[in-house]
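What the coordinates show
Each chain, written out:
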Amino acid sequence: MTTHTVAERLQQARRGVGVAGAGPRPRREPRPGRRRLSARTITLILFAGPSMILLLLINLYPLLYAVMQSLRNGNLLNLGPWVGFSNYLRVLTESSFWQGALFTLVFTITGVFGSWLVGLAFALLLRTRIPAGGLFKVLLLLPWVVPVVVSATSWNWLVATPQSPLPILAHALGLGNVLFLADPVLAKVTVCVFKVWISFPFMMMMMSSALASVDTNVYEAAKVDGATSWQSFRHITMPLVSRSTYVSWILMTIFCVNDFPTIFLLTGGGPVNATSSLVVMAYRTVFQNFQTGPGVAIALLMTLVLVIVSVLLYRQIRKVNIE
Amino acid sequence: MTTTGVAIEPDSTRAMVLYRGGKLDVTGARGQWWRFVLVVVVTAVILIPIASVVYLSLLPALGSTTSAAITLENYGSVFSQTNLLFWLENSLGVALATVIISVVVAAPAGYVLSRVRNRFVSGYALVLFIVQALPVVSAVIPLFILFAKLNLVDNLAGVTIIFVGSSMSVAIWMLSAYYDSIPITLEEAAWMDGCSVAGGFVRVVLRNSLPGILSTAIFTFLLAWNDYLISVVFLRSDVNYTLPVGLETFFQQNQTNWGLVMAVAVIMMLPPVVLFAVLNKYFSVGGIGGSLAGR
């Protein structure tokens, strides 16, 4: 009978071996070439299993099917005949696709940085002691909490027709007839502002929790050393929240590029195609023009770019984290 | 010389010091009032769209006979004129089922992500991340065809499954981030006492993870409650609508009757708002950052 130190038993416990019995059991060496899975490994596989099955069924299977659809000329129910890459060629040579890509880029950049700036400003404002700070934190989360169908309805009431409150206000201020959703440029601006309005609370939460983990003593020290508040923000706060910032940018980029309801419920992609981001364009091509092949091709081209960009960024933050 | 057996956790003492620090007081009392005024004014402007929903829902409807300035009659009308009760029931059922299934599936998976470091788990983390980046639009049609064969179109169970699938990545990240804050020494003690890995997970980790679980539950509830795209494609008959589809359809039919439309809108936003008002201190998305970057 060998005696085992605590550390050795812990090692075994981690492997899930022989912890329950009176003592360590003598174990046969596994035969070479046939490694047997330990109880722990089996448990862990069972732990992750259901989520993997779901991901395969709900996310990866549709992706593969969509790739097939994009290579064929079918409709909603049939795959249709094989056409090779002609759907992609057709989509890539249409100017509307590039306009949609450009708007997606504009929408994403304003969505990410606009909501980040507003969210960070609120996170910084609410970090200091102000009366009823907790109440404001909850109130400011409302744009993110309220369903987008509700907020789109309300924004429609505010801006959609010449009889709406904001156009009337603009008229009273001598700006003439401002048509927020009928003018192509203004419609784009309105959609972007709407997106920032919806998303800044998410950024506020991300940045608040990043700021909460910054040791406040550092600021005292900086103050003693004569740092201005801008200097302590620039050289203490920003570096310490940089990782959360990168992560929030990546997540928000994904949210913005894939955002369908925010745009569709406010403008439907119009006027004409002015606010058709690639997602909205894909939806309209498939469900309004019933051209499954080209529609899915648009969605997949967008996905490809998005996945490449976000995997590169993902590696970048992991590198930052390790250093 | 005596040595006590009390183990000191450096991490936990540091965390306590940080929390004891409380709110930051970088400016003096004089700097406070303008911040307060700024926050009040900007918050008020930001809340105009939400406040106007509530206000409009309380105005008398077109052709109403009441002389009161504010009335609840729109609420009575929408319940009698539409299938609102069905929509509300469907939305609640779908959202609660999504929450329960998501947490049950994501809780053990998050444990694997939090405690295991090898190339399989790194690969799985990357798959989760890529899945999160896939647009729902391209997945909707294949799923529609698949679900048509399985009789899951125009079926609330069908949309629930899709909601669970689309909340999976974030749910796993949030839970694994929370598990990271539970010291592994607790489980090791349980293992030493003869607990299995599964037993240690349930009795030690899960029992200490209520805030993480609540956070995940709130997130998945919002996702299921607020979704529009999946519901509009998969739900076909009026009695099967969830609130977003119901509201949008009703809005298309009653563009000018804002009082009625907004009454439905208020009913729709009430559950998530109440949920947040009660549970907001448990909700944190900050953990996602560490969980994404950490492995």
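Residues numbered from 1 in each chain as written. Chains lettered and ligands numbered in written order. Predicted model: local features only at pLDDT ≥ 70, side-chain atom pairs only at ≥ 80, totals over all residues.

Let's talk about the overall build of chain B
Tallying secondary structure elements over chain B gives 15 helices and zero strands in all. Burial statistics for chain B: of 295 residues in total, 46% are counted as buried. Pairs at least 24 apart in sequence give 78% of the contacts found in chain B among residues at least 6 apart. (Helix = DSSP H or I, 4+ residues; strand = E, 2+ residues; numbered from the N terminus. Buried ≥ 20, exposed ≤ 12 C-beta atoms within 10 Å, placed from the backbone. Contact = placed C-beta atoms within 7 Å.)

Digging into the overall build of chain A
Helices and strands together make up the secondary structure of chain A, namely 14 helices and zero strands. Along the chain direction, N to C, the helices and strands of chain A fall in the order α-α-α-α-α-α-α-α-α-α-α-α-α-α. Of all 323 residues assigned to chain A, the portion counted as buried reaches 40%. In chain A, of all internal contacts separated by at least 6 residues, the share reaching a separation of at least 24 is 63%.

Focus: the interface of chain A and chain B
Facing 86 residues of chain A, the contacting portion of chain B comprises 85 residues. The element contributing the most residues to the side of chain A that touches chain B is helix 2 (residues 39-70) of chain A, with 18 residues. When grouped by side-chain class, the residues that make up the side of chain A that touches chain B number 61 nonpolar, 18 polar and seven charged. (Nonpolar A, V, L, I, M, F, W, Y, C, P; charged D, E, K, R; others polar.)

Side note on the confidence of the model for chain A
Residue and element names in this part refer to chain A. Confidence in the prediction for chain A averages 81 pLDDT; 88% of positions are at 70 or higher. Taking the mean pLDDT of every element in chain A, the minimum, 56, falls on helix 1 (residues 6-15) and the maximum, 92, on helix 4 (residues 95-127). Across residues 16-26, where pLDDT falls below 50, the model places 18 contacts with residues more than four positions away in sequence or in other chains. (pLDDT = per-residue confidence, 0-100.)

Topic: the packing of helix 13 (residues 243-253) of chain B against helix 14 (residues 258-279) of chain B
Residue and element names in this part refer to chain B. Orientation of helix 13 relative to helix 14, taken along the N-to-C sense of each, is 170 degrees, at an axis distance of 10 Å. In terms of orientation, helix 13 and helix 14 fall into the roughly antiparallel class. From helix 13, Leu243, Leu247, Phe250 and Phe251 reach across to helix 14, where they touch Val261, Val264, Ala265 and Met268. (Axes fitted to C-alpha atoms, helices over the stretch in contact; angles between N-to-C directions. Parallel < 35°, antiparallel > 145°, perpendicular 65-115°, else oblique.)

Some points on the environment of Leu214 of chain B
Residue and element names in this part refer to chain B. Here Leu214 lies in helix 11 (residues 210-226). Residue class for Leu214 comes out partly exposed when judged on the 17 C-beta atoms lying within 10 Å of it. If we skip the residues at most four places from it in the chain, Leu214 touches Leu279 and Tyr282.

A word on the confidence of the model for chain B
On average, residues of chain B carry a pLDDT of 81, and 85% of them reach 70 or more. Within chain B, helix 5 (residues 84-115) of chain B carries the highest mean pLDDT (92), whereas helix 1 (residues 10-21) of chain B carries the lowest (36).

Details of the nonpolar core
Residues and elements named next belong to chain B. Ranked by internal contacts, the top residues of the largest apolar core, which has 167 residues, are Val264 and Ala265. A per-element tally of this core places helix 8 (residues 156-180) first, with 16 residues. Among residues more than four places away in sequence, those in contact with Val264 are Val78, Leu84, Leu247 and Phe250. (Core = buried A, V, L, I, M, F, W, Y, C linked by C-beta atoms within 7 Å.)

Section: the environment of Leu313 of chain A
Structurally, the position occupied by Leu313 of chain A is in helix 14 (residues 292-322). We classify Leu313 of chain A as partly exposed; it has 16 C-beta atoms within 10 Å.

Observations concerning unusual backbone geometry
Phi at Phe290 of chain A is positive, roughly 55 degrees, even though this residue is not glycine. If you trace the backbone, Phe290 of chain A turns up in the loop between helix 13 (278-287) and helix 14. One non-glycine residue, Asp154 of chain B, lies in the positive phi region at around 55 degrees. Mapped onto the fold, Asp154 of chain B is located in the loop between helix 7 (136-149) and helix 8.

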